[in-house]
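Here is what each chain is made of, one letter per residue.
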Amino acid sequence: GVLGPDAGDPTDPSPPRPGRGVRLLALAAFGVAVLATALPWSRFGPGSEAFGAWTRSGHWSLVAAFAAIGGLVITAARLRSRLRDSGWDVAIVGLGALVVVASLLSVLFPPAFSRPWLGPWFAVVAGAMACGTSILAARSARETSAAGI
């Protein structure tokens, strides 16, 4: 052809592998989960002000907040390739799942005499996105290492 005999086929049928872009999505999702801790987590009573997840009476909201921060920090470090072991991917997926579970438990068991509001719902969605994108990134890393790339 025009490019020469050693040029590759421009129509590669293999789908693109998720990599850095998927990890950036996971990082953004953990960032949204951290920002969700700044929202009110109940309509009235404990946690109804800004940073509602950080109230002493909201035990599950604190678990979700710390999991979101941990996921954000570890995902950022993983993006910089300081943490190359695949065990970190498992930890990141686990932290995303923990954000979801703790946020849902915060909705099911809010502080006494209060009702859940915006914060936990944003954290549930962001945690689910972080968990899902982290699973995709881990699978991509495993497939890449299995292929010897």
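Let me sum up the structure you'll find in this document. Positions within a chain are numbered from 1, following the residues in the order the chain's sequence is written. In view of the model being predicted, local features appear only for residues whose pLDDT reaches at least 70, and side-chain atom pairs are presented and counted only at 80 or more, with totals across whole chains, interfaces and linings using the full set of residues. The side-chain quantities take in all heavy atoms of the structure and omit both hydrogens and water.

### Some remarks on the pattern of salt bridges
By definition, a salt bridge exists where a carboxyl oxygen of Asp or Glu is found within 4 Å of a side-chain nitrogen of Lys or Arg. Following the criterion strictly, the structure yields two salt bridges and no others. With a closest N to O distance of 2.9 Å, D89 and R23 form a salt bridge. One end of the pair, D89, is in helix 3 (residues 87-108); the other, R23, is in helix 1 (residues 20-36), and 66 residues separate them in sequence. As far as the burial class goes, D89 and R23 line up, both buried. Put simply, DSSP H or I for four residues or longer makes a helix, DSSP E for two residues or longer makes a strand, and each gets a number counted from the N terminus. Throughout this description, buried means an accessible area under 20% of the type-specific maximum (1.4 Å probe, protein chains only), exposed means over 50%, and partly exposed covers the range between.

### A few points about the nonpolar core
In this structure, F30, A33, W41, I74, L95, V99 and A123 are the most contacted members of the largest nonpolar core, which totals 19 residues. Mapped onto this core, the elements with two or more residues apiece are helix 1, helix 2 (59-79), helix 3 and helix 4 (118-146). Here this core takes five residues from helix 2, the largest share from any one element. We call a set of buried residues a nonpolar core when its members are Ala, Val, Leu, Ile, Met, Phe, Trp, Tyr or Cys and they connect through side-chain atoms within 4.5 Å of each other.

### Focus: the packing of helix 1 against helix 3
Contact geometry for helix 1 and helix 3: axes closest at 11 Å, N-to-C directions at 35°. Viewed along their axes, helix 1 and helix 3 form a crossing whose handedness is left-handed. Contacts between helix 1 and helix 3 involve R23, F30 and A33 from the first element and D89, I92, L95, G96 and V99 from the second. Three residue categories are used. Nonpolar comprises Ala, Val, Leu, Ile, Met, Phe, Trp, Tyr, Cys and Pro, charged comprises Asp, Glu, Lys and Arg, and polar comprises the others, including Gly. For the contact of helix 1 with helix 3, the residue count by class is five nonpolar, one polar and two charged. Inter-axis angles, ranging from 0 to 180 degrees, are taken between N-to-C directions of lines fitted to C-alpha atoms, where helices are fitted over the stretch in contact. Two helices cross in a left-handed way if the nearer one is turned anticlockwise from the farther one by less than a right angle. They cross in a right-handed way if the turn is clockwise. Contact definition: two residues touch when any of their heavy atoms are within 4.5 Å.

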